[in-house]
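Residues per chain are reported as follows:
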Amino acid sequence: MPSAVPSATTTGAEHIEPAGNEGPFVNGFNRKPNGVSTWPTNGHARASSVSSADTSNPTVFEPHTFDWNQHRGPGLTHGYHEEEAGGPRSRAYARIRSWGDDPKTAKFPRISKPMELMRTNYDCVVIGSGYGGGVAASRMARAGESVCLLERGKERWPGEYPDSTGDSIDQLHYSGELAPGWLPKKIVEGGDPTGMYHMIFGNCQNAVVCNGLGGTSLMNANVYLEADKDTLQLEAWPKEIRDNPDCLDEYYEKAEKVLQPEPYPDDWPKLPKLELLEKQAKYLSMEEKFRRVRQTTRFVNGPNSCGVEMFPSAMTGQDCTGLNDGSKNTTLVTYLADAWNWGADMFCEAEVRYITKAPYPQEGYIVYFAWHGRNRGHFRANLHGDLMWVHAKRAVFLGAGAIGSTEILLRSKNMGLDLSDKVGENMSGNGDILGFGYNTDHEVNAMGRPFPSPYHPVGPTITGIIDNRSGHDNPLDGYVIEEGAIPGALAPFLQAMLELLPGSIEPTGEGLIGKFQANLARLGTAFLGPYFRKGAIERTQVYLIMSHDSNQAYLTLKDDKPVLEFVGVGRSDHVKYLNRVLEKATKAVGGTFVQNPFYALLGKQQVTVHPIGGACMARDGTGSTGATNHMGELFTGSGDKTHSGLIVTDAAVIPTALGANPFATITALAERSVDHYAKSQRLTIDMTPNDVLDLFGSPQHKHIHNRKRGSVVHVDEVEEIAKIDSARNTIINARRMNDSGFGFTEVMSGYIHRDEGLKRDNVDTYKLAARRAESLSETARFFLSVQSFNIRSIINDPNHRAMLTGTFVCPTLEGSPFMVQRGDFNLFLLDRKAPGTRNLTYDFDMRGINGRSLHFHGYKVVDSSVALSPVQFWKSTSTLYVTITETLPNADRSCADADECGLLGKIVAKGIMRIQPQDFLSEVMTLTPTGSSIFRKVVSAGNFLTFFTRKSMSLLLAPLTPLQYPVQTCLGFVNNTPPTRTFKIKASDGVVTSLHMWEPTNTSIDTRDLFMIPGASVDHQIYALPTIRYNAVNYFRRAGYRVWITVHRIGMLMVAQDDWTTFDARLDFKACLEKIREESILRDENRAEPEKIYTIAHCMGSVALSTGLLDGTIPAKWIQGITCSQVFMNPIWNLANMIKITALPIPGDIFYKFLLGDWFSFSTSKNDSLLQKGLNQLLRLMPDSRKELCNNASCHRTTMALGRCWNHHNLNEATHRQIDRFFGGVSMTLMHILMKQGYQGGVTGNKPLFERLDTHDNIRRLKGVPIMLFVGRDNAVLSLESTEKTYEILTDTFGTGDDRSGVRYRRRVVPGYGHLDCWMGRNAWKDVYPFVREEVDRVVRGDGYRFDEPNDQFKELVESGKLLY
Ligand SMILES: Cc1cc2nc3c(=O)[nH]c(=O)nc-3n(C[C@H](O)[C@H](O)[C@H](O)COP(=O)(O)OP(=O)(O)OC[C@H]3O[C@@H](n4cnc5c(N)ncnc54)[C@H](O)[C@@H]3O)c2cc1C
């Protein structure tokens, strides 16, 4: 960082405060020491050298010769380098290598912000950052307004500007209509649209402007020349100015105080080009019109008017490609640095396209822009289609330059903004003429060099002027001639160009010796290069003329691209006359006069570096003669009505050529417009001077958001500010830690249907919504840039997070297009909802142009279905399931399941978006690593790609990846459901099992007992599952049931290893029922007979229950009704299980028993026996559909023994990952009887007879017991036929229904479910439990009973969407 306190290394002379330089911007350090000339030195020896005479009357065209002696005191004659004991400074000072103390972290300041930090609205939006934009940004920030500045180019500081030919060509952007006289006109566009040098082709005249933070001030020649009063009095100017041209004086003064122009000091090295111009002035009899012109080049060290540390000119002559020595008072180091210091937000690579009025009820304007950052230009169609925007609540200042602002206004007009028809008219090239005096007899040294010798410096590009503006009858005859320097980047071509261009005018009357010398010089350059001191190029004078042209040019849009028409400029008589003047001046010094290359090559065309006009001030205060009023405010049409706060502050407002370099006048007019605006709004512009700025630190004045004018601070604005602060911290920390990052841009498009009822979060709902949306043409598209500022956060953080910025367009949603900022992107986030699944999620709040906020949640599902299928992998990673919800103020969306949080809030719309193949190709081109060095970038790219490939491969090659073994800790146990009491139950054969009881949570309903029987190998947890938010026990307790669950002898108990069967387990149920009955009597002693008990039984629990009922062990009269999950008395294996039984030569159970023993445990570990481990590996080969593949060893073992017990996507990750905690094992004895029963299709007794129990007589025992059977449609354990058969038998036996007894048999197939997921599934609370409860309620409480939902936590969870997976 440049030192905060300048070291005033003077000769000890007194400090004198010169008049005219104590303005508000002059800080305490920036004072003139007394006459010390220390060029070029590192100390802050000499400060601003504007004499009092200079500022007293800026519009008088006295030569501004600077007299150092005035400041030095008598007798002191410090010459060039006198101060330098060690000789001249080395040429290395011509380029700043770093502005920072620690060049490792940041070499150059950055006062613009990343787009991620933009707010959605500001008081003022400023477009462009040249003089017009800079003034508006600085003044409005100082007035306490929140300011957003949008600049098309990039931010570059001195030291970063190109100086070689190659680098300069990289920065070239050309556009416009190429109209060479001899070829058809053609719209052209090429190069980097944010590159520094912008060449705009036009008819008859071409223009050169600059893009970048600092505008064309970055590449201009620094000449600060006020417009002459005669010109300001021309008819074209508004009355307020032409009648009182002095009104600009105070604003010129303001501009001077900031830009600090001063002439090239007398005591600095002599410059041959300046001396030659003086000679030429004499030859033209204009010696009294010659002078050194004031320029915004610094010739001293020290902070400038705005507090930015500056350096003296290294005299490179490179001003027109950007000065790297830190001596140029561009707007970057003055107005913009000041705006930054007063809290303005500036954003680069933001090309404004058009402006509209903000939709009601908002005020102000919406400024639409294309963001070129993050390589978004690779999406050509989207860049200018899917525009980002920012809301200007009060004012928009257009400072995009004459061509830029006019283009924006023309397009705005096309988009419906009412404007005057004069927009685009009255443009001028400021009468610019460029010419060369090639190979004169004099040394000129006008070829810029990045590192000139301090003994032979080129000098600033322009230092001298022949000011021929005064004394003409017609002010339009006035003009100025200046000498120039050619940037070194053009050196390689210059000679060829000057020699080959047609129409050059050679000197006449030269003697033989003269001709010989001239040819020798040409040869010298040709062989020894352009810098050969005696060569032709080193003897070439460059001329720049500014004069008056006809102001008849205009700008139009052709195919939405700006086209310039400068009719007849190059061919006018005036131009011919001026060319003759230059010819004469050249001839006098023995040179060949060469016109500018465009003149010769493109049919007498000119090139201007001073385009002005296009949105001119009206001369009569109405839109019929101009686009703006005298303050730059745009008319709404041809009358005098203006758009409040829509103000042009740049060269576009100037209604006529100035005949002088324009930026002094542009700046003064901008100061004037902004001053008028501030006064009209009662804003006070605080002119407190800045301290020396710490450009790597924080601004000295933080903008207090919305402090002005009693603005209401909305909750979402507060939230936005908090989010910006958090994003800023992320970015700053990444910079401080010198982290590297990674980013890319993505376009996805599809269909989104607006419907508040689309609550379900399943693929079918998304598909239906998308199909409906397609039929209604409800299209949607986003254009988002994903940026990780710290590569570690996307790779190592479990949320794999990056930031999203861009737009979302969906015309069906009011407020579209939406701005997306600081959104969350999660790459391969573990999906807690579904096992073996990873998601790519997109979560963001987005703001519509109507000010409304919505939340976007989208996820891509990459699950086992992608295994070994690249096509499916592409489909999965390119399909996004989208839900749009209302934004919840202060919603905590940072909960553990990032994907679920996105679904909070009221649903607005749903649909599907996809990546199109051509967009994918563009996306690949945008992949960009960031980092402070190439090495870091390479590492960053490597890390990201490795991570991406690793994750992709682990899913793509899932079956080949290592097996997942049980974990030690309890992951995702979110719902601990301990029983109220547990009883030990002793069956009639002495076997002891457990019975858990939960009291109801809803006491407003009459409590009834509900008995639930789990299947084989499991326990009560399948109903009281801790890994889902709402389990069956929670559900039935809430419905007023006292829930009893048995853990029986074939369940997950030690006793299960004692070879018990389903038939034996019936004894446990009987004992349990006895206990429940006993307890009911104990609770109500008056009761003579215990109540009947409704029973729910699952799978083999249900089979076991049926055996007890069929053989009469359990009296049917104890039972009020039964819900049988999957099966009852007719187990029939599903096909896969059937094959296991029938296809193997030896039955599986016998084979297993022989090899590994009688007990098969579903749990396993890495430390299991070799055989078990071998079995685990073998089980990977079990065939199943791709989407059901998984890597969990316990899951494989369950499937092997019982068949696949679930549709994987119905379980959540925590349940699946810990399946061993919910499954015990199975004995081969049990397996044997199960296989037998399942094969035969009916329940049996024990061996040896295995007697069938589902006989007609036994079945009659079930008379009067209502039974509901349900089964998952995808059941892979039992065939759907099991329940079908039972249902048929029951209805055949007892009839379909008997209204008198209320007995009904029901059967239900549950779509999308398998077997045990009907109870353990994450969404069973809505897909299964309700219809079971309805049946239980119907039977237990009667047909007329209606369940009233209590207002409890469950209801809240459902309504807030938190339970919706
Ligand atoms: C080589 C050269 C030498 C010059 N020398 C002198 C000189 O010595 N003295 C002098 O008085 N003048 C000189 N000029 C001209 C002077 O620099 C310009 O007249 C002056 O900079 C114009 O100021 P401005 O504010 O109107 O626009 P500019 O300074 O051109 O700034 C416009 C800014 O807006 C940006 N912009 C454009 N379109 C958009 C958009 N759609 N969205 C967002 N941003 C946009 C541009 O990138 C640019 O940064 C020179 C010009 C050149 C090219």
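Keep in mind that what you see is a predicted model, and the values were worked out from it rather than measured.

### Structural notes on the sheet that holds strand 18 (residues 541–546)
Reading across from one edge, 7-16-17-18-15-21 is the order of the six strands in this open sheet, with antiparallel pairing throughout. Edge positions in the sheet fall to strand 7 (290–292) and strand 21 (592–595), since each has one partner strand and no second. Each strand axis lies, on average, 25° off the axis of its neighbour in the sheet, ignoring direction. In the sheet, strand 16 (residues 464–468) pairs with strand 17 (residues 479–484) via four bridges, with the strands oriented antiparallel. Pairing of D467 across the sheet is with V480, part of strand 17.

### Focus: a nonpolar patch on the surface
Nonpolar side chains collect at one region of the surface, where W874, F920, L921, V924, L927 and L945 lie side by side and expose about 510 Å² of accessible area between them. Considering each element in turn, the nonpolar patch owes the most residues, three residues, to helix 22 (residues 917–926). Given the relative accessible area of 43%, L945 is considered partly exposed.

### Things to note about the packing of aromatic side chains
If you walk through the whole model with that rule in mind, you get 41 aromatic pairs. Taking 4.1 Å as the distance between ring centres and 40° as the angle between the ring planes, the aromatic pair formed by Y1030 and F1354 counts as tilted. Of the two residues, Y1030 sits in the loop between strand 37 (1008–1013) and helix 24 (1032–1038) while F1354 sits in helix 38 (residues 1353–1360), which places them 324 residues apart along the sequence. Among the aromatic residues, those joined into a cluster by ring pairs are F742, F744, F782, F808, F818, F825, F828, Y842, F844, F856, F944 and F948. In this structure, R119 packs its charged tip against the face of Y122, placed 5.3 Å from the ring centre.

### A word on the site of the ligand
For the ligand, the set of nearby residues contains 37 residues, the closest of which are E151, N211, T216, V352 and F663. Residue G212 places a main-chain N or O atom 3.2 Å away from an oxygen atom belonging to the ligand. At a separation of 3.3 Å, a nitrogen atom of the ligand approaches a polar side-chain atom of H610. Taking 990 Å² as the accessible area of the ligand by itself, protein coverage stands at 96%. Listing elements by their share of the shell around the ligand, those giving two or more residues are helix 3 (131–142), strand 6 (205–210), strand 11 (350–357), helix 11 (401–414) and helix 16 (663–680). Counted by class, the shell around the ligand contains 18 nonpolar, 15 polar and four charged residues.

### Digging into the side chain of T334
For T334, the location among the structural elements is in helix 9 (residues 332–341). When neighbours within four sequence positions are excluded, T334 is seen to be in contact with V258, L259, N304, C306 and N329.

### Observations concerning the confidence of the model for the protein
Segments scoring low in pLDDT should not have their predicted coordinates read at a detailed level. Per-residue confidence for the protein gives a mean pLDDT of 86, with 88% of residues at or over 70. For the stretch residues 1–88, pLDDT sits under 50, and the model shows 204 contacts to residues farther than four places along the chain or on other chains. Within the model, pLDDT remains below 50 along residues 894–899, and this stretch shows 13 contacts once partners closer than five positions in the same chain are excluded.

### Thoughts on the pattern of salt bridges
For the structure shown, the criterion picks out 66 salt bridges. One salt bridge connects D266 with R292, and the closest N-O pair in it is separated by 3.5 Å. Taken together, the positions of D266 in the loop between helix 7 (249–259) and helix 8 (272–283) and R292 in strand 7 put the pair 26 residues apart, joining distant regions of the chain. Take D266: its relative accessible area is 43%, and that puts it in the partly exposed class. Note that D1352 is salt-bridged to R1038, the shortest N-O span being 2.7 Å. Within this pair, whereas D1352 is found in the loop between helix 37 (1329–1341) and helix 38, its partner R1038 is found in helix 24, the two being separated by 314 residues in sequence. Salt bridges sharing partners connect three or more residues here, namely R152, E351, R353, E407, R411 and D560.

### Quick look at the pairing of strand 32 (residues 879–886)
With seven of its eight residues buried, strand 32 lies for the most part within the structure. Judged from the six bridges that link them, strand 31 (residues 853–862) and strand 32 form a sheet pairing that is antiparallel. Looking across to strand 32, one finds that Y859 is bridged to Y881. With seven bridges joining them, strand 32 and strand 33 (residues 907–914) adopt antiparallel strand pairing. Residue V882 lies in a different strand from strand 33, and its bridge partner there is G911.

### Points about the environment of R847
You can see R847 is positioned in strand 30 (residues 838–847). C-alpha of R847 to C-alpha of G815: the two residues are 32 residues apart in sequence and 7.7 Å apart in space.

### With respect to the pairing of strand 19 (residues 554–558)
Across five bridges, the pairing between strand 19 and strand 20 (residues 561–565) is antiparallel. Looking across to strand 20, one finds that L557 is bridged to P562. What sits between strand 19 and strand 20 in their antiparallel hairpin is a turn of two residues, with D559 showing a positive phi close to 50°.

### Thoughts on the environment of G509
Inspection of the secondary structure puts G509 in the loop between helix 12 (491–500) and helix 13 (512–528). Using a relative accessible area of 86% as the deciding quantity, one classes G509 as exposed. When the C-alpha atoms of G509 and K587 are compared, they prove to be 9.8 Å apart, with 78 residues separating the residues in sequence.

### Brief notes about helix 14 (residues 573–588)
Taking 1.5 Å of rise per residue, 16 residues should cover 22 Å, and helix 14 covers 23 Å from first to last C-alpha, within 8% of that figure. Turning to helix 14, its buried residues number three or more, namely H574, V575, L578, N579, V581, L582, A585 and T586. When helix 14 is viewed along its axis, its buried side chains cluster within an angular range of 150° and face the same direction. Turned more than 90 degrees away from the buried face of helix 14, the exposed residues are D573 and K584. Of the residues flanking the end of helix 14, it is G590, one or two places downstream, whose phi is positive at about 75°.

Calculation criteria
Residues numbered from 1 in each chain as written. Predicted model: local features only at pLDDT ≥ 70, side-chain atom pairs only at ≥ 80, totals over all residues. Heavy atoms only, no water. Pairing = 2+ DSSP bridges. Helix = DSSP H or I, 4+ residues; strand = E, 2+ residues; numbered from the N terminus. Axes fitted to C-alpha atoms, helices over the stretch in contact; angles between N-to-C directions. Patch = residues over 30% accessible without salt bridge, like charges linked within 9 Å, V, L, I, M, F, W, Y side chains within 5 Å. Areas by Shrake-Rupley, 256 points an atom, 1.4 Å probe, with all protein chains shown as cover. Salt bridge = Lys/Arg side-chain N within 4 Å of Asp/Glu carboxyl O. Buried < 20%, exposed > 50% of the residue type's maximum accessible area, 1.4 Å probe, protein only. Phe/Tyr/Trp six-rings, centres within 6.5 Å; stacked < 30°, edge-to-face > 60°. Lys NZ or Arg CZ within 6 Å of the ring centre and 35° of its normal. Near = heavy atom within 4 Å. Polar contact = N/O pair within 3.5 Å; in protein donor to acceptor, adjacent residues only side chain to side chain. Nonpolar A, V, L, I, M, F, W, Y, C, P; charged D, E, K, R; others polar. Contact = heavy atoms within 4.5 Å. pLDDT = per-residue confidence, 0-100. Expected span 1.5 Å × (residues − 1). Arc of directions from axis to C-beta.

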